[in-house]
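Single-letter residue listing:
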Amino acid sequence: MTCVYRCGNACSHPVPNTSDNPYLNDLIAQAVSRRSLLRAGVVATTAAGAVGALAAPAAADPWWHDHGHDDAPRGLRFEAVPPNTDDQVTVPSGYRPQVVIRWGDPILDGAPEFDPDAQTPETQAGQFGYNCDYLALLDAPWEWRRRVLVANHEYTDEELMFAGYDGDAPTREQVEIAWAAHGLSVVALDEDRRSGDLTPVVGHRLNRRITATTEFEVTGPAAGSELLKTSADPTGTVVLGTLNNCAGGTTPWGTILSGEENYNQYFANAESVTDPQARERLSRYGFGGGATQRKWEQFDQRFDIAAEPNEVNRFGWIVEIDPLDPDAKPRKRTALGRLKHEGGGPRLTRSGRVVVYMGDDERFDYFYKYVSDDKVRWGSSRWARRHNDTLLDEGTLYVAKFTGNSPAEEIDGSGELPSDGAFDGAGEWIPLASGDESFVEGMSADEVYVYTRLAADKVGATKMDRPEDVQPHPYTGTVYIALTNNSQRGTDGKPAADEANPRNSNKHGQVLEVMEEDNDPTSLEFGWRLLLVCGDPEDPATYFAGFPKDQVSPISCPDNVAFDPHGNLWISTDGNALGTHDGLFGVALEGQHRGQVKQFLTVPNGAETCGPIVEDRHVLVAVQHPGEVDGASVEEPASEWPDGPGSIVRPSVVNVTKEDCGRIGR
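**Quick look at the side chain of Asp-87**
Item 1. Summarising the element assignment, Asp-87 is placed in the loop between β1 (55-57) and β2 (89-91).
Item 2. Despite its burial, Asp-87 pairs with no opposite charge, the nearest such side chain being Arg-102 at 13 Å.
Item 3. At 2.7 Å, the side chain of Asp-87 and the side chain of Ser-639 are in polar contact.
Item 4. Here the side chain of Asp-87 touches Glu-640 through a polar contact of 2.9 Å, landing on its backbone nitrogen.

This is the structure:
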């Protein structure tokens, strides 16, 4: 079940990227001299419930001692949570988790309380959606101690939602409930000053649901393209819904970016396409086969490629919503390219131009950035907002090419460090398109934006291992990329290890740092190095930036990244391959503790940790797909979280605070 509903069993399908682009080991062999990392300098970067029944602090840590709180960096002064398989949210001693909002909790006026036996499409459309992922937490304007939460809802687990679910014959009502459970939620929260609890404000003026049937405006250079036109939308500018929204980012002007990721799984009958070029394009994006798992094509022909061949091109974008304007139409930004977008990490240049970093979550796919032509205008006036609304439509899209600086023979797939003591190198940004100008031979600008993967293939971008969340550090400008895993690395017929992906059969992933030349995010050159090569610290193939491995928490499959007010990196994981539950980890980035990894929490059976937010007094995570275990169902649940025995499992947002309402990690 874990992969069926989440990504359509992507890992069991052929790798979509069959281009002959070079791998880093090929590039390393061509290097004639060793290169030093580009040094990063100062940059003008702008950063922008009840307690669960099964949630508890960890017991005293018998397996590892962190050598005292006073010695740890600020923000990381807590006792690390041991690896475990407990069906609860486990947090350090002295902290407590609070369930803020669950799937099905009402957020709009008139929405009923959750009843799993009485769900309808209409009730779900007024309730918090399913499988929360990326989270953003903003201040509500002009309202004291009130916050605004934005949550992605990536996908639905029908077998865990509907009693007696028959996957071969879903009902229209079940399908329409699932449509309403996808998308995003915006919900106002009251913040209790004494306890730190966050409580939804039902019916607040900003509360909003965006679903698989909400109208989106297509903007940017590909809007109106022939490749985006359908029988229902002959203009190619209006799309119904957003799907598989994974990670995201917050823009300097306060809007939210959300990435459409594994959308290919929703579209049926790619096998019926006979035109060779169309088949190639579909295959490069992972489309294939006949009927889908969810059978949506039986209820809306737009999900049938044979009936609406261009509908697939209307998904796979970065979408932007304004959480502080419930009347603002959400937009799909074509200038940022069409991928399996994990999310988008914005950063400002010194002059005020906007840069968005993006990962394409697929084995052997690429790392991208977008640079706006114009600059941010500050303020909340209509004039400033109208101007900023154009920034993600007019700019240049780039893809990254990496070069390692170690001899090829030193990168043998074992994970052993090369002789210079680091996995590192340099890289360049290759332009793909800007406005209506294509920089890719043989492709129009429209084709570059709609078939961005094929454009990147043509220019020789470097194949990476599932680049997922990408976020720039708010203080240093260094960009952090979570490379989750790639079990096909080094297998028969597949690329071998290279310096950025130094292990064959890579089950645990790595975290990579990118430093733009002169710390200018518009630069065309960058340096890079690996911060972490994840896994069991007792495994010689792991690396923790040189920090002693007997003093770190095991970590596997990094997925999302965030930063705390002290500048520490926080990593949430998805698919822990060490046999214990996924979790949230703090990582020191500076000084003698650089590379020290400390586990802050773990999530329940079958769950993934998503959307971390780390503030001075709050840590929020989305507990996604709890109970998602092969063979599980409503009748035979694999988890009792969050409400205990006899209740249906419900994905939820959790808020962790100190019991004394003190500062996190202090």
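**A closer look at unusual backbone geometry**
Item 1. With omega at 5°, the peptide bond leading from Trp-641 into Pro-642 counts as cis.
Item 2. Within the secondary structure layout, Pro-642 lies in the loop between β33 (619-624) and β34 (652-658).
Item 3. Even without being glycine, Cys-661 reaches a positive phi, approximately 60°.
Item 4. Structurally, Cys-661 is set in the segment after β34.

**Concerning helix α5 (residues 172-181)**
Item 1. For α5, the buried fraction is high: seven of the 10 residues fall into the buried class.
Item 2. If you check which residues of α5 are buried, you get Gln-174, Val-175, Ile-177, Ala-178, Trp-179, Ala-180 and Ala-181.

**Looking at the pairing of strand β20 (residues 424-434)**
If a strand is regular, its side chains alternate between the two faces of the sheet.
Item 1. Most of β20 sits out of view: nine of its 11 residues are buried.
Item 2. Sheet topology note: the strand β19 (residues 395-404)/β20 ladder contains nine bridges and is antiparallel. Bridging across to β20, Thr-396 finds its partner in Ser-434.
Item 3. One ladder, built from five bridges, connects β20 with strand β26 (residues 525-533); its direction is antiparallel. Its bridge partner lying in β26, Ala-426 is registered against Gly-527.
Item 4. As judged from the two bridges shared by β20 and strand β21 (residues 437-438), these two strands associate in the antiparallel manner. If you follow Ser-434 over to β21, its bridge partner there is Glu-437.

**Focus: the pairing of strand β15 (residues 345-348)**
Item 1. Along β15, one buried face is formed by Gly-345 and Arg-347 and the opposite face, lined by Pro-346 and Leu-348, is buried too.
Item 2. Count of turn residues in the β15/strand β16 (residues 353-359) antiparallel hairpin: four residues, of which Gly-352 carries a positive phi of about 105°.

**Digging into the pattern of salt bridges**
Two side chains bearing opposite charge may form a pair once their charged atoms approach each other closely.
Item 1. Using the criterion set out here, one finds 42 salt bridges in the structure.
Item 2. Through salt bridges that share partners, Arg-284, Lys-340, Asp-360, Glu-362, Asp-365, Arg-453 and Asp-457 make up one connected network.

**Quick notes on the sheet that holds strand β12 (residues 256-260)**
Item 1. One open sheet holds the six strands; their spatial order is β10-β9-β14-β13-β12-β11, and the pairing between them is mixed. In the strand order of this sheet, the two ends are held by β10 (238-240) and β11 (245-250), each with one partner. The average undirected angle you get between the axes of adjacent strands in this sheet is 35°.
Item 2. Relative to strand β13 (residues 318-321), β12 runs antiparallel, the two being bridged by four bridges. Bridging from a neighbouring strand, Ile-256 pairs with Ile-321 of β13.

**A closer look at the packing of aromatic side chains**
Item 1. Throughout the structure, instances matching the rule amount to 25 aromatic pairs.
Item 2. Aromatic pair Trp-296 and Phe-303: ring centres 5.3 Å apart, planes at 70°, arrangement edge-to-face. Across the pair, Phe-303 and Trp-296 agree in class, each one buried.
Item 3. The structure contains a cluster of three or more aromatic residues connected by ring pairs, namely Trp-179, Tyr-263, Tyr-266, Phe-267, Phe-287, Trp-296, Phe-303 and Phe-315.
Item 4. Cation over ring: Lys-332 sits above Phe-216, and NZ or CZ is 5.5 Å from the ring centre.
Item 5. Here the basic side chain of Arg-338 rests over the ring of Tyr-285, its NZ or CZ set 4.2 Å away from the ring centre.

**Section: the environment of Cys-246**
Item 1. Of note, Cys-246 is situated in strand β11.
Item 2. On the basis of relative accessible area, Cys-246 is assigned to the buried category, the value being 2%.
Item 3. With residues near it in sequence (within four places) discarded, Cys-246 still touches Asp-133, Tyr-134, Asn-152, Glu-154, Gly-259, Glu-261, His-341 and Glu-342.

**Some details on the side chain of Gln-174**
Item 1. Structurally, Gln-174 can be placed in helix α5.
Item 2. Judged by relative accessible area, which is 15%, Gln-174 ranks as buried.
Item 3. Filtering out sequence-adjacent residues up to four positions away, Gln-174 remains in contact with Phe-162 and Tyr-165.

**What to know about the confidence of the model for the protein chain**
Item 1. Within the protein chain, residue pLDDT values average 91, and 90% of them lie at 70 or more.
Item 2. Confidence drops under pLDDT 50 across residues 22-56; counting only partners more than four residues distant or on other chains, this segment forms 111 contacts.
Item 3. Confidence drops under pLDDT 50 across residues 59-69; counting only partners more than four residues distant or on other chains, this segment forms 23 contacts.

**Some words on helix α6 (residues 276-284)**
Item 1. Within the span of α6, buried status applies to Arg-281, Leu-282 and Arg-284. On an axial view of α6, the arc spanned by its buried residues comes to 165°, and they lie on one face.
Item 2. On the buried face of α6, the contacting elements are β17 (363-365), α8 (445-450) and α9 (452-458).
Item 3. After α6 finishes, the residue Gly-286 shows a positive phi value of roughly 85°.

**Overview of the state of the cysteines**
Item 1. Considering all chains together, one arrives at zero disulfides under this definition.
Item 2. Unpaired in this structure, Cys-132 has its nearest cysteine sulfur neighbour in Cys-610, at a distance of 7.5 Å.
Item 3. Distance from the sulfur of Cys-557, which forms no disulfide, to the nearest cysteine sulfur (Cys-534) is 8.2 Å.

**Things to note about the environment of Arg-489**
Item 1. Here Arg-489 lies in the loop between β24 (479-483) and β25 (510-516).
Item 2. Sequence-wise, Arg-489 and Arg-363 are 126 residues apart; in three dimensions their C-alpha atoms are separated by 8.6 Å.
Item 3. Side chain to side chain, Arg-489 and Asp-465 meet in a polar contact 2.5 Å long.

**Some words on the sheet that holds strand β3 (residues 95-102)**
Item 1. An order of β3-β34-β33-β32 is seen for the four strands of this open sheet, with the pairing classed as antiparallel. Of all the strands in the sheet, the pair left with one neighbour each is β3 and β32 (608-614). The average undirected angle you get between the axes of adjacent strands in this sheet is 25°.
Item 2. Inspection of the sheet shows β33 paired to β34 by five bridges, in the antiparallel sense. Along β34, the bridge assignment pairs Val-623 with Ser-652.

About the criteria used
- Residues numbered from 1 in each chain as written.
- Predicted model: local features only at pLDDT ≥ 70, side-chain atom pairs only at ≥ 80, totals over all residues.
- Heavy atoms only, no water.
- Helix = DSSP H or I, 4+ residues; strand = E, 2+ residues; numbered from the N terminus.
- Buried < 20%, exposed > 50% of the residue type's maximum accessible area, 1.4 Å probe, protein only.
- Lys, Arg positive; Asp, Glu negative; His and termini not counted.
- Salt bridge = Lys/Arg side-chain N within 4 Å of Asp/Glu carboxyl O.
- Polar contact = N/O pair within 3.5 Å; in protein donor to acceptor, adjacent residues only side chain to side chain.
- Pairing = 2+ DSSP bridges.
- Axes fitted to C-alpha atoms, helices over the stretch in contact; angles between N-to-C directions.
- Phe/Tyr/Trp six-rings, centres within 6.5 Å; stacked < 30°, edge-to-face > 60°.
- Lys NZ or Arg CZ within 6 Å of the ring centre and 35° of its normal.
- Contact = heavy atoms within 4.5 Å.
- pLDDT = per-residue confidence, 0-100.
- Arc of directions from axis to C-beta.
- Disulfide = S-S within 2.5 Å.

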